[in-house]
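Structural overview for review
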Amino acid sequence: MSKLFTKKPLSQLLNEAGADGHGTLKRTLTAWSLVALGIGAIIGAGLFVRTAAAAGGHAGNAVTISFMLAALGCAFAGLCYAEFAAMIPIAGSAYTYAYATLGEIMAWIIGWALVLEYALGAATVSIAWSEYLNKLLGGAIPYEWCHSPFEVSPDGVVGMMNLPALLILGILTALLIKGTQESAFVNAIIVFIKVAIVLIFIAIGWSYINPVNHTPYFIPEGTAGHEGFFDWGWGGVLRGAGIVFFAFIGFDAVSTAAQEAKNPSRDMPIGILGSLIVCTLLYVLFAHVLTGVSPYADFVDPTKGKEASVAYAISTYMTGYGWLATAVTVAILAGFSSVILVMLMGQSRVFYSMSKDGLLPKVFADLHPKFSTPYKSNLILLIFVGLFAGFVPGSVAGDLTSIGTLLAFVIVCIGVMVMRKSNPDVPRPFKTPLVPLVPILGIVVCGAMIISLDIRTQMIALGWMLVGLIIYFAYSRKHSKLTA
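Residues numbered from 1 in each chain as written. Predicted model: local features only at pLDDT ≥ 70, side-chain atom pairs only at ≥ 80, totals over all residues. Heavy atoms only, no water.

As for the overall build of the protein chain
If you tally the helices and strands in the protein chain, you get 17 helices and zero strands. Considering the protein chain as a whole, with its 484 residues, one finds that 61% of them fall into the buried category. Of the accessible surface of the protein chain, which amounts to about 17,600 Å², a share of 70% is contributed by carbon and sulfur atoms. (Helix = DSSP H or I, 4+ residues; strand = E, 2+ residues; numbered from the N terminus. Buried < 20%, exposed > 50% of the residue type's maximum accessible area, 1.4 Å probe, protein only. Areas by Shrake-Rupley, 256 points an atom, 1.4 Å probe, with all protein chains shown as cover.)

And the structure:
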């Protein structure tokens, strides 16, 4: 039993972080590259799709408050991530931090939970990419070829496979195999385009805000058949925070690139916290304008704004700005692409670290002889993520992504407190302020959002974790380089 909680020595982690040359990841990313990676992952489906879902289903106009609550939990967790990423600049993110502070079994649990975050996150966004592509093409893609078998159109057409989602996953996987620097360059261009479009929508849409749509604002009223605490009212605002929390998963993906940063002790905190601050400001403004332009009830109506809600709001309520609806749709497609790119990169880096530790088969750590990227891991992920993207509805994958992310945040907050006790003298280029208050607040806020998510999501996540434990005891524990 004691082996389950064996911790990976900090000295070993620091040696791995300092390794260079053949067989290691290349250090090519600057502070700006990391901020751009964070923004690239953050501004995407969470903003353009989950905002409407949270507003229409639970939070109403108070979705802006939901964003603030989600951002608060992220801020607490982000400060903890920044301390770890600067101190232990190695691929693996929360998995690596848990291995150093809480032991192997907790590291495995969080590594397995990160699959929900990154892999399912990529699947969710690729599904949203498919929706917006169809919107741009005027619905030219037949329903059955851009929806999962579990979805049925208002006309009774049953989905078969989401082919556009599989297409974008394949293209971005090829780019990731080509190289991290090339991927970061493409991401930076996309980030510039989509941030510009978001700012244009906020600037123009502000004058189209209808005050009636923001009444009531702070405590939205429920509708018949929604009597649960988390359906509407302040409980709905909290559930809305759990839903839009998906919008913030990008900033912690920055930490998975720590081993590829040129100056990680300085650049990682900048990348993590910088991207979080920029995106939170944009989110609150965007949500305020979107719910002001269009009644939030439109966002759950399948005949109105359920798919491609932003483009719908512009086309319906902002007369004369049809070009903006098209521009937003194009920018969203590009933006979703950068989110998928960073999520796939993050997942492959977590698997890379787990494989190096022996907890996953060696194939996940094999680097391309020319590009020095974990190409086999990328190809396996393409198959795994593709199965979800092609055959599972986006709403299911999105909520599972949120719960996996929240669990990772809770573990990182706990890890900072443990590390302060177990290794108080280790140099910390960045220190989380007000420990233990900040980590405890992070645990409380993130824990509350986990509880607010629906019971089906919680049970599926529990089942996922049980499957992970079976794999750990059947394979990983026997092959662990630390405890074998």
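Once the structure has been displayed, the description carries forward.
Notes on the packing of aromatic side chains
In total, this model carries 15 aromatic pairs according to the counting rule given. The interplanar angle of 75° and the centroid separation of 6.1 Å between the aromatic rings of Tyr81 and Tyr97 together place this pair among those described as edge-to-face. Placement of the pair is Tyr81 in helix H4 (residues 63-87) and Tyr97 in helix H5 (residues 94-101), with a sequence separation of 16 residues. Note on accessibility: Tyr81 and Tyr97 belong to one class, buried. Pairing Phe84 with Tyr97 gives two aromatic rings, centres 4.7 Å apart and planes at 10°, and the pair type is stacked. Taken together, the residues span a long stretch of sequence, with Phe84 in helix H4 and Tyr97 in helix H5 at a distance of 13 residues. Like Tyr97, Phe84 is buried. Taken together, Trp108, Trp112, Phe384, Phe388, Trp464, Tyr472 and Phe473 form an aromatic cluster joined through their ring pairs. (Phe/Tyr/Trp six-rings, centres within 6.5 Å; stacked < 30°, edge-to-face > 60°.)

Quick notes on the environment of Ser338
Of note, Ser338 is situated in helix H13 (residues 322-356). Each C-alpha atom, one on Ser338 and one on Lys194, is 9.9 Å from the other, the two residues being 144 residues apart in sequence. With residues up to four places along the chain from it excluded, the contact list for Ser338 reads Gly40, Asn187, Ile190 and Lys194. (Contact = heavy atoms within 4.5 Å.)

So, the state of the cysteines
Tallying each qualifying case throughout the model produces zero disulfides. In this model Cys74 remains outside any disulfide bridge; the closest cysteine sulfur is found in Cys446, 6.6 Å from its own. For the unlinked cysteine Cys446, the closest cysteine sulfur is that of Cys413, found at 5.9 Å. (Disulfide = S-S within 2.5 Å.)

Thoughts on unusual backbone geometry
Omega for the bond connecting Val435 with Pro436 falls within 30 degrees of zero, at 15°, which places this linkage in the cis form. Locating Pro436 in the fold gives a position in the loop between helix H15 (394-422) and helix H16 (437-452). The phi torsion at Leu434 lies on the positive side, around 55°, for a residue other than glycine. Relative to the helices and strands, Leu434 is located in the loop between H15 and H16.

What to know about H16
Here H16 spans 23 Å end to end across 16 residues, near enough to the 22 Å set by a 1.5 Å rise per residue. Burial in H16 covers these residues: Val438, Pro439, Gly442, Val445, Cys446, Gly447, Met449, Ile450 and Ser452. (Expected span 1.5 Å × (residues − 1).)

Digging into the pattern of salt bridges
Per the counting criterion, the structure on display carries six salt bridges. The closest approach of N and O atoms between Asp357 and Lys8, which form a salt bridge, is 2.4 Å. In this pair, Asp357 is assigned in the loop between H13 and helix H14 (375-391) and Lys8 in the segment before helix H1 (10-18), connecting sequence segments 349 residues apart. Grouping residues by exposure puts Asp357 and Lys8 together as buried. Between Lys376 and Asp366 there is a salt bridge; the shortest N-O distance is 3.2 Å. One end of the pair, Lys376, is in helix H14; the other, Asp366, is in the loop between H13 and H14, and ten residues separate them in sequence. Assessed through its relative accessible area of 16%, Asp366 is described here as buried. One network of salt bridges, in which partners are shared, links Glu83, Arg420 and Arg428. (Salt bridge = Lys/Arg side-chain N within 4 Å of Asp/Glu carboxyl O.)

Some thoughts on the confidence of the model for the protein chain
On average, residues of the protein chain score 81 in pLDDT, and 87% of them reach the 70 mark or higher. Within the protein chain, the lowest mean pLDDT, 68, falls on helix H3 (residues 45-59), and the highest, 91, falls on helix H7 (residues 163-178). (pLDDT = per-residue confidence, 0-100.)

A closer look at the side chain of Thr291
Its location among the elements puts Thr291 in helix H11 (residues 264-293). Looking at Thr291, the relative accessible area reads 0%, which means it is buried. Not counting chain neighbours up to four residues away, the residues in contact with Thr291 comprise Ala55, Gly60, Asn61, Val63, Asn213 and His214.

As for the packing of helix H2 (residues 31-42) against H13
Where H2 meets H13, the axes come as close as 7 Å, and the angle between the chain directions of the two elements is 115°. In terms of orientation, H2 and H13 fall into the roughly perpendicular class. The handedness of the crossing between H2 and H13 comes out as left-handed. In contact with Leu37, Gly40 and Ala41 of H2, H13 contributes Gly335, Ser338, Val339, Val342, Met343 and Met345. By residue class, the composition of the contact of H2 with H13 is six nonpolar, three polar and no charged. (Axes fitted to C-alpha atoms, helices over the stretch in contact; angles between N-to-C directions. Parallel < 35°, antiparallel > 145°, perpendicular 65-115°, else oblique. Left-handed = near helix turned anticlockwise from the far one by under 90°. Nonpolar A, V, L, I, M, F, W, Y, C, P; charged D, E, K, R; others polar.)

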